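Survey of secondary and tertiary structure
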Amino acid sequence: MMLTDTHKRWLKDRFGPQVRFNEPMSQHTSLGVGGPADAYLAPRQASDLAALCQWCQQNDLYRLTIGNGTNLLVLDGGIEGIVISLKACCKDMQHTRNETGEVRISAGAAISLNALCNYAIRHGIEGLNFAVGIPGTLGGAIMMNAGTAKGCMGNVVREVTVLTTGGDIQHYDQKAMVFGYRHMTWALENQKTAATLPIILEAMLQLSVADGNALKTEADAILKARAKTQPLHQRSAGSFFKNPLSGLSAGELIDRAGLKGTQVGGAQISKRHANWIVNTGKATAADIIELKNIVQAKVSNLYKIDLETEVQIVGT
Ligand code: EPU
């Protein structure tokens with residue numbers, strides 16, 4: 001349903017200046033593209049978030065929950081509905097450890113993976129270095145089972161605290177989550193569309209004790225290797241396509257297809273890493289989509305492989 005003046009009034013009365021209308025999503029995504037959201041809001045308390053989600057459900061309004069917008073391509077027509085950013089709440093982090101060396105970190109969904117990894121290193125906690133340098137927040141990383149060849153979120157998440165569509169806070173253990181390659185699905189009844197999915201507020205990760213200095217050395221080496229092969233200095237959403245389940249990686253396929261440096265408008269296949277699409281300055285979502293289509297068509301023609309996007313594409 002479209003946002004009416006009555007909806008807008010409710011949002012303004014309830015959230016005051018926190019709510020922004022016709023908010024350009026280019027300001028909330030690492031790619032720096034995307035048309036306006038009808039309304040955009042970053043609630044400061046979980047209770048505000050709960051009230052907002054309940055209200056969206058009652059009014060049949062589409063809502064999109066985002067973390068840091070680092071794996072998101074919003075189309076130029078924008079988002080008909082309400083974008084809820086978790087970045088102003090869900091930021092607590094603590095840990096406990098037992099005599100056997102098992103450590104549990106409980107962290108808010110809006111914490112960046114970067115902050116989480118640094119916390120683990122500082123406290124001598126092992127099990128998260130696979131995530132060093134992955135952009136994005138903990139909540140987003142769980143939703144897409146972010147990871148690298150060294151590991152993924154599904155290996156460490158033991159429990160999540162979620163906000164259900166009805167506005168209740170519930171704890172789900174790992175049996176409620178089915179982790180696949182770069183995706184997670186809820187093993188819950190009655191979960192059909194993105195708008196009715198629970199929102200992760202917090203997660204409990206099971207890790208172990210280790211030497212902080214050794215962890216730091218390893219993390220530094222990972223970051224150094226990334227800086228060499230990834231265009232970290234440019235706007236992007238990280239890896240654009242999922243790696244095929246076997247055979248050559250997406251980066252290798254695109255590279256071999258001779259597409260590095262290919263440009264449509266302001267969007268370019270990175271010259272540094274072929275699986276990254278970068279915004280060289282003035283890209284539109286349409287430029288990026290056209291470039292994506294060129295890549296998919298050429299890789300399909302040459303290698304009979306259909307590359308799937310890892311980046312989430314939303315909007316109209
Ligand atoms: N390669 C090329 N040409 C290129 C780029 C890569 O031939 O232009 C080759 C590399 O030489 C290597 C292979 O492709 O042999 C794989 O490349 P890389 O090691 O860079 O890893 P990736 O599979 O492309 C994955 C994750 C990244 C993560 C890196 C490093 C996926 C889709 N991507 O990339 O995750 O940073 O490993 O651990 O799984 C992200 O998801 O946003 C992300 C950054």
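For clarity, every value in this text was computed on a predicted model and none was experimentally measured.

Before going further, it helps to spend a moment on the overall build of the protein. A tally of helices and strands in the protein yields seven helices and 20 strands. Relative to a compact globule of 316 residues, whose C-alpha radius of gyration would be 20 Å, the protein shows 20 Å and is just as compact. Oriented by its inertia axes, the alpha-carbon framework of the protein measures out at about 55 × 55 × 35 Å. Evaluated residue by residue, the protein yields a buried proportion of 49% over its 316 residues. Of the contacts made within the protein by residues no fewer than 6 positions apart, 62% connect residues no fewer than 24 positions apart. For the protein, the exposed area adds up to about 14800 Å²; of that, 48% sits on carbon and sulfur atoms. Within the protein, one finds 31 positive and 27 negative side-chain charges whose respective centroids are separated by 7 Å.

Attention shifts here to the sheet that holds strand E19 (residues 276-279). Taken in spatial order, the four strands line up as E16-E19-E18-E17 in an open sheet, and their pairing is antiparallel. Among the strands making up the open sheet, the edge pair consists of strand E16 (235-239) and strand E17 (263-264). Sheet strands touched by helix H7 (residues 285-303): E17, strand E18 (267-269) and E19. Its angle to E18, the strand with the most contacts, is close to 30°.

What follows covers the sheet that holds strand E3 (residues 63-66). Backbone-to-backbone hydrogen bonds join strands into a sheet, with any given pair of strands oriented parallel or antiparallel. Taken together, the four strands give an open sheet; going across it, the order is E1-E2-E5-E3, and neighbouring strands pair in mixed fashion. Looking along the sheet, the strands with just one partner apiece sit at the ends: strand E1 (20-24) and E3. Sheet twist, expressed as the mean angle between neighbouring strand axes with direction ignored, is 40°. In the sheet, E3 pairs with strand E5 (residues 79-85) via four bridges, with the strands oriented parallel. Looking across to E5, one finds that Thr65 is bridged to Ile84. Where helix H2 (residues 46-58) meets the sheet, it contacts strand E2 (36-41), E3 and E5, and its direction lies at approximately 160° from that of E5.

Turning next to the domain arrangement of the protein. In many analyses, interface size is given as the accessible surface area lost on bringing the parts together. Here the protein is partitioned into domain 1 (5-85), domain 2 (93-217) and domain 3 (231-310). Once you take the C-alpha centre of each, domain 1 and domain 3 turn out to be 29 Å apart. Domain 1 puts 13 residues into the contact, and the matching count from domain 3 is 15 residues. At the boundary of domain 1 with domain 3, total buried surface from both sides reaches about 960 Å², with 56% on carbon and sulfur atoms. When residues of domain 1 are sorted by the area they lose upon contact with domain 3, Leu31, Asn71 and Leu73 head the list and together hold 49% of the total.

With that settled, the discussion passes to the pairing of strand E7 (residues 102-108). Note that strand E6 (residues 93-97) and E7 share five bridges and pair antiparallel. Bridge pairing links Met93 to Ala107 in E7. Where E6 hands over to E7, the hairpin turn is made up of four residues, of which Gly101 adopts a positive phi near 90°. Relative to strand E15 (residues 199-209), E7 is paired through seven bridges, and the arrangement is antiparallel. Residue pairing across strands places Ser106 opposite Met204, the latter belonging to E15.

To continue, consider the packing of aromatic side chains. Under the definition given, this model contains four aromatic pairs. Taking 6.1 Å as the distance between ring centres and 75° as the angle between the ring planes, the aromatic pair formed by Trp10 and Phe15 counts as edge-to-face. Measuring from ring centre to ring centre gives 4.2 Å for Trp10 and Trp55, while their planes differ by 10°; the resulting arrangement is stacked. Here Trp10, found in helix H1 (residues 5-15), pairs with Trp55, found in helix H2; they are 45 residues apart in sequence, far enough to count as distant. In textbook terms, an aromatic cluster arises when at least three aromatic residues are bridged by ring pairs, as seen for Trp10, Phe15 and Trp55. Geometry around Phe21 places Lys8 over its ring, the cationic atom sitting 5.7 Å from the centre.

Analysis parameters
- Residues numbered from 1 in each chain as written.
- Predicted model: local features only at pLDDT ≥ 70, side-chain atom pairs only at ≥ 80, totals over all residues.
- Heavy atoms only, no water.
- Helix = DSSP H or I, 4+ residues; strand = E, 2+ residues; numbered from the N terminus.
- Rg over C-alpha atoms; globule rule 2.2 N^0.38 Å.
- Buried < 20%, exposed > 50% of the residue type's maximum accessible area, 1.4 Å probe, protein only.
- Contact = heavy atoms within 4.5 Å.
- Areas by Shrake-Rupley, 256 points an atom, 1.4 Å probe, with all protein chains shown as cover.
- Lys, Arg positive; Asp, Glu negative; His and termini not counted.
- Charge placed at Lys NZ, Arg CZ, Asp CG, Glu CD.
- Pairing = 2+ DSSP bridges.
- Axes fitted to C-alpha atoms, helices over the stretch in contact; angles between N-to-C directions.
- Domains from an automatic or database assignment.
- Buried area = accessible area lost by both parts, 1.4 Å probe.
- Phe/Tyr/Trp six-rings, centres within 6.5 Å; stacked < 30°, edge-to-face > 60°.
- Lys NZ or Arg CZ within 6 Å of the ring centre and 35° of its normal.

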